[in-house]
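Residue-level structural notes
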Amino acid sequence: VCVRVRVSLPQTFFVSMDMSVKKKVKLYFQDMWNICDILAIGLFAVGVCARMFRDWYDAGRVVLCLDFMVFSFRLVHIFAVHKQLGPKIIIVGKMMKDMFFFLFFLGVWLMAYGVATQGLLHHSETRASWIFRRVFYRPYLQIFGQIPLNELDAAQIPSSNCTDDPVAILMEELPPCTNTYANWLVILLLTIFLLVANILLVNLLIAMFSYTFNKVQENSDIYWKFQRYKLIVEYHKRPALPPPFIIVSHLNIFIKRNIRRVPSVKSKVFVMDFPESVASKLMTWEAVQKENYLVCRNRAKRESNMEQLKRTAQKVDTVLNYITDIKEHERRLRVLEKQVDYCTEALTWLIESLMQSDLVKNAKPPPTLPDSSYKRDSRL
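About the thresholds
Residues numbered from 1 in each chain as written. Predicted model: local features only at pLDDT ≥ 70, side-chain atom pairs only at ≥ 80, totals over all residues. Heavy atoms only, no water. Axes fitted to C-alpha atoms, helices over the stretch in contact; angles between N-to-C directions. Helix = DSSP H or I, 4+ residues; strand = E, 2+ residues; numbered from the N terminus. Left-handed = near helix turned anticlockwise from the far one by under 90°. Contact = heavy atoms within 4.5 Å. Nonpolar A, V, L, I, M, F, W, Y, C, P; charged D, E, K, R; others polar. Core = buried A, V, L, I, M, F, W, Y, C linked by side-chain atoms within 4.5 Å. Buried < 20%, exposed > 50% of the residue type's maximum accessible area, 1.4 Å probe, protein only. Parallel < 35°, antiparallel > 145°, perpendicular 65-115°, else oblique. Patch = residues over 30% accessible without salt bridge, like charges linked within 9 Å, V, L, I, M, F, W, Y side chains within 5 Å. Areas by Shrake-Rupley, 256 points an atom, 1.4 Å probe, with all protein chains shown as cover. Salt bridge = Lys/Arg side-chain N within 4 Å of Asp/Glu carboxyl O. Lys, Arg positive; Asp, Glu negative; His and termini not counted. Charge placed at Lys NZ, Arg CZ, Asp CG, Glu CD. Phe/Tyr/Trp six-rings, centres within 6.5 Å; stacked < 30°, edge-to-face > 60°. Lys NZ or Arg CZ within 6 Å of the ring centre and 35° of its normal.

Quick look at the packing of helix α7 (residues 128-143) against helix α10 (residues 183-218)
In contact at an axis separation of 10 Å, α7 and α10 are set at 65 degrees when each is read in the N-to-C sense. Considering the relative orientation of α7 and α10, their crossing is right-handed. In this structure, α7 uses Pro139, Gln142 and Ile143 to contact α10, whose residues at the interface are Leu190, Phe193, Leu194, Ala197 and Asn198. Residue composition of the contact of α7 with α10, grouped by class: six nonpolar, two polar and no charged.

Written out as structure tokens, the structure reads:
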């Protein structure tokens, strides 16, 4: 408990004096692990107080059991500094958010199916606890394969003493009778419910988990460095004395900061606000480093095998386009050559016909094209 008290009293309240108390509290509760500490300490205090009274003795044991779970979960924060396990903690946290949306869809579908089956099978049920169990608890177990066919299927429902009297049911004298009028609809709804829940929604959850894992795993080194920085800052602000002597350190810090008004030395190590000259130099350095990083990344991209293959593929595509254009030109030239041959034959036939007729009176013979030159021109 002393360790958790030490964690739950952040040094922000004593080291950083230029912040208001409201801002310090808001900054403190932004960390999920601090909320976990407050919850663990609060449950421990409630459990210990409840164990002091005979009437609340068993309730105190229940609270302490829950508190042990919270304390055990708090140990996960130790692995945040590990290079391999640290990003996995972030992945689990993001997957919990995905799980929330999955549970929202599942809850709506589960409630729709549970209310429908409850109305079809046990319309005379008046006990609220049993209605809640059959509407939410039983459909939830059916997702994992626990299907009570002796309560759903009319062919397997055993014959027993039952009643539809609300008073007898409320007094738990006899169980309510199962209505088998539309039992085929109950079986159909069960089939559709399992199909949607076990195939559609579960595969949707797996796809969301895969996307989250790949997204964080690509930048796992960056996430790990940020986690390590936060852990270093957190331990840098803590006192050096271990529990239970840590109370001496807290009293010393409180006297120095609030009574003696001694400025903090640790607050100058991790500076949040820089002077204008230092800020301009930092921005210039960041710009230079950014340009260097982009140049190195572009160079590595150009020199990579995949990039060389892409450039080679582009050149091959260009050559193939040129070859395709050349073949197209050759095809057009062959077509044009056939048309010229046809025109030549037609003109030759026309000249011979005119020469054999008496319509044209010209003693000069028509011009002729030598066969050799024509063949040579055709080959060209």
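Having seen the model, we can carry on.
Examining the nonpolar core
Residues Phe102, Leu106, Ile143, Leu152, Leu190, Phe193 and Ala197 are the most contacted members of the largest nonpolar core, which totals 19 residues. Elements that contribute at least two residues to this core include exactly α6 (85-121) and α10. Excluding its chain neighbours within four sequence positions, the residues that come into contact with Leu152 are Leu121, Arg138, Gln142, Ile147, Ile157, Asn183, Val186, Ile187 and Leu190.

Describing the packing of α6 against α7
Each pair of packed helices gets described by two things: the angle between the helix axes and the distance between those axes. Between α6 and α7, the shortest axis-to-axis distance is 8 Å and the interhelical angle comes to 120 degrees. Considering the angle they form, α6 stands oblique to α7. Crossing hand, α6 versus α7: right-handed. Along its contact with α6, which presents Leu106, Leu110, Met111, Tyr113, Gly114, Val115, Thr117, Gln118 and Leu121, the element α7 presents Ile131, Arg134, Val135, Phe136, Arg138, Pro139, Tyr140, Gln142 and Ile143.

Quick notes on a positive patch on the surface
Judged by side-chain charge, Arg299, Arg302, Arg311 and Lys315 come together as a positively charged surface patch. Of all the secondary-structure elements, those providing two or more residues to the positive patch are α13 (276-303) and α14 (305-356).

Here's the deal with a nonpolar patch on the surface
Taken together, the side chains of Val21, Val25, Phe29, Ile35 and Ile38 define a hydrophobic patch exposed on the protein surface, amounting to about 400 Å² of accessible area. Looking at the nonpolar patch, the elements with two or more residues in it are α3 (21-29) and α4 (32-51). Among the elements that take part in the nonpolar patch, α3 stands out by supplying three residues, more than any other. In this structure, Val21 sits in helix α3.

A short note on the packing of aromatic side chains
Across all of its chains, the model carries six aromatic pairs by this definition. With a centroid separation of 5.6 Å and 75 degrees between ring planes, the pair formed by Phe100 and Phe101 is classed as edge-to-face. Overall, Phe101 belongs to the partly exposed group, its relative accessible area being 47%. Aromatic pair Phe104 and Phe105: ring centres 5.6 Å apart, planes at 70 degrees, arrangement edge-to-face. Here the aromatic residues Trp109, Tyr113 and Phe193 are joined through ring pairs into a cluster of three or more. Directly above the aromatic system of Tyr57 lies the positively charged group of Arg51, at a separation of 3.8 Å from the ring centroid. The ring of Trp130 carries Arg133 above its face, with NZ or CZ at 4.7 Å from the centroid.

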